[in-house]
Amino acid sequence: MPIRWSALKVSEAMDMVEEFIDQAAEPLEQARLVAIAARGIADIPQYVDERLAHLTSSIGRIDNIKGAIKTVRESLPTGAVVEERKRIESGDQLVLVPQ
């Protein structure tokens, strides 16, 4: 039974999300390093240090995002993207004989 939604479009969307995340990875790593350095400022109050630690941790969650992208891809029906791509390339013709 064919799926009614487009696994190919979901896969392409994840490609785009991954591309944006990859572009953001280096600036986010630089921001994380600055936040870590800020924690080393002399006589910083504990409440500020805690917030900087939280910020550092939040920035580090980019791996969670990459994991979520992988999970979305893994949730697509096996072979659906390839099948849909083939169908589009061949021109969405009605199949009269079951395969």
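Treat the numbers as computed from the prediction; the structure is a model and nothing was measured.

1. With respect to the overall build of the protein chain
Phase 1 of the analysis: A count of helical and extended segments in the protein chain gives four helices and zero strands.
Phase 2 of the analysis: Taken from the N to the C terminus, the helices and strands of the protein chain come in the order α-α-α-α.
Phase 3 of the analysis: Counting only residues that meet the buried cut, the protein chain has 17% of its 99 residues in that class.
Phase 4 of the analysis: Of all intrachain contacts in the protein chain linking residues separated by at least 6 positions in sequence, the fraction that spans at least 24 positions is 77%.
Phase 5 of the analysis: Per element, the accessible surface of the protein chain, about 7,900 Å² overall, is 58% carbon and sulfur.

2. So, the confidence of the model for the protein chain
A low pLDDT score tells you not to read the predicted coordinates there in detail.
Phase 1 of the analysis: When the pLDDT values of the protein chain are averaged, the result is 89; 89% of them are 70 or greater.
Phase 2 of the analysis: Across the protein chain, the secondary-structure element scoring lowest on mean pLDDT is helix 4 (residues 80-90), at 88, and the one scoring highest is helix 2 (residues 46-59), at 96.

3. Here we look at the packing of helix 1 (residues 7-38) against helix 4
Phase 1 of the analysis: At a closest axis distance of 8 Å, the pairing of helix 1 and helix 4 adopts a crossing angle of 110°. Relative to helix 4, the element helix 1 lies roughly perpendicular. Contacts from Ala7, Leu8 and Ser11 in helix 1 reach Ala80, Val81, Glu84, Arg85 and Ile88 in helix 4.
Phase 2 of the analysis: Taken together, the residues of the contact of helix 1 with helix 4 sort by class into five nonpolar, one polar and two charged.

4. Some words on the environment of Ala80
Phase 1 of the analysis: Within the element layout of this structure, Ala80 appears in helix 4.
Phase 2 of the analysis: The spacing of Ala80 and Ser6 is 74 residues in sequence and 8.6 Å in space, taken between C-alpha atoms.

5. Brief notes about the side chain of Ser6
Phase 1 of the analysis: Its place among the elements puts Ser6 in the segment before helix 1.
Phase 2 of the analysis: At a separation of 2.9 Å, a polar atom in the side chain of Ser6 contacts the main-chain amide nitrogen of Lys9.

Cut-offs used in this document
- Residues numbered from 1 in each chain as written.
- Predicted model: local features only at pLDDT ≥ 70, side-chain atom pairs only at ≥ 80, totals over all residues.
- Heavy atoms only, no water.
- Helix = DSSP H or I, 4+ residues; strand = E, 2+ residues; numbered from the N terminus.
- Buried < 20%, exposed > 50% of the residue type's maximum accessible area, 1.4 Å probe, protein only.
- Contact = heavy atoms within 4.5 Å.
- Areas by Shrake-Rupley, 256 points an atom, 1.4 Å probe, with all protein chains shown as cover.
- pLDDT = per-residue confidence, 0-100.
- Axes fitted to C-alpha atoms, helices over the stretch in contact; angles between N-to-C directions.
- Parallel < 35°, antiparallel > 145°, perpendicular 65-115°, else oblique.
- Nonpolar A, V, L, I, M, F, W, Y, C, P; charged D, E, K, R; others polar.
- Polar contact = N/O pair within 3.5 Å; in protein donor to acceptor, adjacent residues only side chain to side chain.

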